[in-house]
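Architecture at a glance
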Amino acid sequence: MKEKRKVEKLKRAAELIVKNRELAYQEKRSSELTLANDELKKAQEELGSFSYSVSHDLRAPIRAINGYTQILIEDHADSIDDDGKKIIQAIVNNSNKMGILIDDLLAFSKLGRKEVSSSNINMTSLVNGVINDITFEKGENTPIFEIEELAPANGDSSLIKQVWINLISNAIKYSKYKPEIKIKIASTLQDHKIIYSIKDWGAGFDMAYYDKLFGVFQRLHSQEEFKGTGIGLAIVQKIVSRHSGAVWAESKLDEGAEFYFSLPNIKH
C-alpha cells in the first residue's frame, strides 16, 4: 500500500514538473509575442511617418520646380529660344513623373497596412465594370475583349478590382502598336484554388528577365516606348499575396503575354 502511494506521489510530482515547464514556456512565449507586437507597432508607426514625409516633404520641391518653370514660361518666354523651351518642358515632364512615382510608392506602401476585408466577389461583373470604366484617347484602337464566365471568389473587392485594373491596363498598353488589340480573360478551377488569366497578343517580354517582372520600379520596356512607373505589377503581386494567392506570367517577345493569379476556392 505504501509502495503504491509512493508511486502515485512520484507520478503527481512528475506531472507537476511538466505543467510547470509548460507554464514557464507559455509565459516566455507570451512575453515574446508582446515584445513582437510592440516592435510591429513601432515599425508601423515609423512607416506611417515615412509615408507622411514622402507625401509632404518630397512634394514641396516638386511644386517649387513646377512653379519656377511656369514663371519662366509666362514671364520670360520671349527671351527663351526653342531649345530652351524644350529643356523647360523636359523639366516639367520629369517633375510630373516624379509626382506620379511618389503616388505609386505611397500606394504600394499602404497595401502592407490596409486591412483586407472579405466578401463574395462576382468576378464577371467586377471585370466588366473595370472594362466599362476604361477611357480611350481619340484615334486609339478599341480593344476586343473575349471574357468567359469567371468563377466567383472571396476577397477584398476594392483590392481585387485594382488587380484587374492594372492587368487590363497593361494588356491594352503593351498591345497599342498592334493593328488589333485582343484580350482574353478566363478562369479555371484547380484543386483548392481558382486561377484567373488575362492574355494579350501585344509586345510581350523576354522570359530571361522574368525575375524583374514583379519588382518595384522594374521595367522590361523603355519609358519612351511604353509609359509607366514600373510599380503596377508589384502592386498586383502584393494584393494577391495578401489574399493567400500567387501571380505568374508566360510570354514570348513580340507575341504577347498571359498573366495568371490564383485565389482560394470559396467552395473549399
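You'll find the structure just up there.
Bear in mind the structure is a predicted one, so any value in this text is a computation, not a measurement.

**Section: the overall build of the chain**
Counting its regular elements, the chain contains six helices and seven strands. Taken from the N to the C terminus, the helices and strands of the chain come in the order α-α-α-β-α-β-β-α-β-β-α-β-β. Counting every position in the chain, which comprises 268 residues, the buried fraction comes to 30%. Across the chain, the fraction of contacts at a sequence separation of at least 24, relative to all contacts at a separation of at least 6, is 72%. When the accessible area of the chain is evaluated, it comes to approximately 17500 Å², of which 53% is carbon and sulfur surface.

**Some details on the pattern of salt bridges**
Per the stated rule, a full pass over the model turns up three salt bridges. Residues Glu 148 and Lys 184 are paired through a salt bridge, measuring 3.9 Å at the closest nitrogen-oxygen approach. With a gap of 36 residues between them, Glu 148 in the loop between β2 (144-147) and β3 (153-155) and Lys 184 in strand β4 (residues 182-190) connect regions that are remote in the sequence. For Glu 148, a relative accessible area of 34% translates into the label partly exposed. With relative accessibility at 28%, the residue Lys 184 sits in the partly exposed group. As a salt-bridge pair, Asp 254 and Lys 178 come within 3.2 Å of each other at their nearest N and O atoms. One end of the pair, Asp 254, is in the loop between β6 (247-252) and β7 (256-264); the other, Lys 178, is in the loop between α5 (157-173) and β4, with 76 residues separating them in the sequence.

**Overview of a nonpolar patch on the surface**
Taken together, the side chains of Ile 65, Ile 87 and Ile 91 make up a nonpolar region of the molecular surface, amounting to roughly 250 Å² of accessible area. Ile 65 gets classed as partly exposed once you look at its relative accessible area, which sits at 39%.

**Observations concerning the sheet that holds β4**
Taken together, five strands build an open sheet; the order of strands is β2-β4-β5-β7-β6 and the sheet is mixed. The open sheet has two free edges, formed respectively by β2 and β6, since each of these has just one partner strand. Each strand of the sheet is rotated relative to its neighbour by a mean of 15 degrees, with strand direction disregarded. As paired strands, β2 and β4 are joined by four bridges and run parallel to one another.

**Description of the environment of Leu 159**
Looking at where Leu 159 falls in the secondary structure, it is placed in helix α5. Sequence separation between Leu 159 and Arg 242 is 83 residues, and the spatial gap between their C-alpha atoms is 9.8 Å.

**A short note on unusual backbone geometry**
For Asp 191, which is not glycine, the phi torsion reads 55 degrees and is therefore positive. Here Asp 191 shows up in the loop between β4 and β5 (193-200). One non-glycine residue, Ser 244, lies in the positive phi region at around 60 degrees. Inspection of the secondary structure assignment puts Ser 244 in the loop between α6 (232-242) and β6.

**What about the packing of aromatic side chains?**
Throughout the structure, instances matching the rule amount to five aromatic pairs. Taking the centre distance of 6.1 Å and the plane angle of 85 degrees together, the rings of Trp 164 and Tyr 196 count as edge-to-face. Taken together, the positions of Trp 164 in helix α5 and Tyr 196 in strand β5 put the pair 32 residues apart, joining distant regions of the chain. When sorted by exposure, Trp 164 lands in the same class as Tyr 196, which is buried. Put simply, the rings of Trp 164, Tyr 196 and Phe 261 touch in pairs and so form one group of aromatic residues. Note that Lys 182 overlies the ring of Trp 201, its terminal NZ or CZ placed 4.9 Å from the centroid.

**Side note on α5**
The end-to-end C-alpha separation of α5 is 24 Å, in line with the 24 Å expected for 17 residues at 1.5 Å each. Of the residues making up α5, those classed as buried are Leu 159, Ile 160, Val 163, Trp 164, Asn 166, Leu 167, Ile 168, Asn 170, Ala 171 and Ile 172.

Criteria and thresholds
Residues numbered from 1 in each chain as written. Predicted model: local features only at pLDDT ≥ 70, side-chain atom pairs only at ≥ 80, totals over all residues. Heavy atoms only, no water. Helix = DSSP H or I, 4+ residues; strand = E, 2+ residues; numbered from the N terminus. Buried < 20%, exposed > 50% of the residue type's maximum accessible area, 1.4 Å probe, protein only. Contact = heavy atoms within 4.5 Å. Areas by Shrake-Rupley, 256 points an atom, 1.4 Å probe, with all protein chains shown as cover. Salt bridge = Lys/Arg side-chain N within 4 Å of Asp/Glu carboxyl O. Patch = residues over 30% accessible without salt bridge, like charges linked within 9 Å, V, L, I, M, F, W, Y side chains within 5 Å. Pairing = 2+ DSSP bridges. Axes fitted to C-alpha atoms, helices over the stretch in contact; angles between N-to-C directions. Phe/Tyr/Trp six-rings, centres within 6.5 Å; stacked < 30°, edge-to-face > 60°. Lys NZ or Arg CZ within 6 Å of the ring centre and 35° of its normal. Expected span 1.5 Å × (residues − 1).

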